[in-house]
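# Breakdown of the fold
This is what each chain is made of:
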Amino acid sequence: TERQGELQNLGRRLAALRKLAIGDLENGGWGRGPAADAAMLVSYDNLWASQKDRGAPDFTGIDVLFDLYKPMAERGVGIDLLPPLADLSAYPLVVVPLLTLLAEEIAENLAQYVRQRGTLLVAPRTGRYDRDGKLRMDWPPGPLAGVCGIEVREYDVLLDGRENGVRGDTVRSGSKWWCDLIETTTAETLAVYTSGFYAGRPAVTWNRYGEGGVIYLGTYLHEQGYRDLLGVALQRAGITPTFPVPAGCEVHRRHGLTFVFNHTGEERVIDVPSGLVDALSGEPVAGRLELAPDEVLVLRGGVRR
């Protein structure tokens, strides 16, 4: 059947990629350094807790993960999903989308990462509770306050579709769900709120800490706002994206390979830069390339950063 033929073709491609990976491994190439450019921390304790402590009724922790993941995937940034106590030292950028429950050892792991030249992006509501869900007696972000260079003395929950706005030189967006009212201690302000009784107060900050730095986001943004914010984070982390792809497509680097996905049911045209070859055929790939529906292209060449 046609399906059998498709499965056979997939099997041949996977076998060829496996052979390629084994060859690189034997030559000492495969597996060196992190598999991806950036890491995103995923805490299942926090995802569960976010179902109980929503703030705004339509808030979901899963939405926040996807909202921060998508702008990086669109830019061709490889992303590893890791637990909060993982070794983060090899990643130029680490994104923390949801860490309302914050244990001391997790905070120290993140602080050590930043001290050693890491760039951290921290989302709202971080450090409001301890590991057991008890309200902390210090100001959020709790044990990360010194690392972020801020304290959150108050907050505003945006109910019934109410919104605020964020404006700065590099980040502009509407904001929703939640607004931390940030007091800076050592951080500088990248963007401010545009309305409400806290108009003009910091909404996005940057703080140097050790050899690295932290971007703190005090609210939840719209799609373009997250693109702006992740653009700032990638620039400060020194990550050069692979190449842009159309809507519905995704590009990721894994070690020496670049994977291009067309997740849509329609043909998409990809502009591929020079210097890349098809990993399976060895043929050069550059210029405008037609990618069939649900197709995957695997490329070799290029650099991570």
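Residues numbered from 1 in each chain as written. Predicted model: local features only at pLDDT ≥ 70, side-chain atom pairs only at ≥ 80, totals over all residues. Heavy atoms only, no water.

## Considering a nonpolar patch on the surface
On the surface, a nonpolar cluster with roughly 290 Å² of combined accessible area is contributed by L7, L10 and L14. Tracing the backbone shows L10 in helix α1 (residues 2-26). Assessed through its relative accessible area of 44%, L10 is described here as partly exposed. (Patch = residues over 30% accessible without salt bridge, like charges linked within 9 Å, V, L, I, M, F, W, Y side chains within 5 Å. Areas by Shrake-Rupley, 256 points an atom, 1.4 Å probe, with all protein chains shown as cover. Salt bridge = Lys/Arg side-chain N within 4 Å of Asp/Glu carboxyl O. Helix = DSSP H or I, 4+ residues; strand = E, 2+ residues; numbered from the N terminus. Buried < 20%, exposed > 50% of the residue type's maximum accessible area, 1.4 Å probe, protein only.)

## Focus: the side chain of R136
Within the secondary structure, R136 is located in the loop between β4 (119-122) and α5 (145-148). Judged by its relative accessible area of 14%, R136 falls in the buried class. Among the polar contacts listed, one links the side chain of R136 to the side chain of E104, at a separation of 3.1 Å. A polar contact of 3.0 Å, which involves the side chain of R136, links it to the side chain of D138. If near-sequence neighbours (up to four positions away) are discounted, R136 is found in contact with L102, E104, G127, R128, Y129, D130, G142 and P143. (Polar contact = N/O pair within 3.5 Å; in protein donor to acceptor, adjacent residues only side chain to side chain. Contact = heavy atoms within 4.5 Å.)

## Structural notes on helix α4 (residues 104-115)
Relative to the 16 Å expected for 12 residues at 1.5 Å per residue, α4 spans 16 Å between its end C-alpha atoms, a close match to the ideal helical length. When α4 is considered as a whole, its buried residues turn out to be I106, A107, N109, L110, A111, Y113 and V114. Contact partners of the buried residues in α4: β1 (38-41), β3 (93-96), β4, α5, β9 (202-209) and β10 (212-217). (Expected span 1.5 Å × (residues − 1).)

## Topic: the packing of helix α3 (residues 61-74) against helix α6 (residues 223-237)
Where α3 meets α6, the axes come as close as 9 Å, and the angle between the chain directions of the two elements is 65 degrees. In this structure, α3 meets α6 at a crossing whose hand is right-handed. Contact residues: α3 offers D67, L68, K70, P71, M72 and E74, while α6 offers E223, Y226, R227 and L230. (Axes fitted to C-alpha atoms, helices over the stretch in contact; angles between N-to-C directions. Left-handed = near helix turned anticlockwise from the far one by under 90°.)

## Re the nonpolar core
By size, the foremost hydrophobic cluster in this structure holds 43 residues, and its most contacted members are M72, L93 and V204. No other element matches α6, which puts seven residues into this core. Not counting the four nearest positions on each side in its chain, L93 is found in contact with D37, A38, A39, M72, Y113, T119, A233, L234, A237 and I239. Core analysis: the second largest hydrophobic core is formed by 28 residues, L41, L110, C148 and Y216 among them. (Core = buried A, V, L, I, M, F, W, Y, C linked by side-chain atoms within 4.5 Å.)

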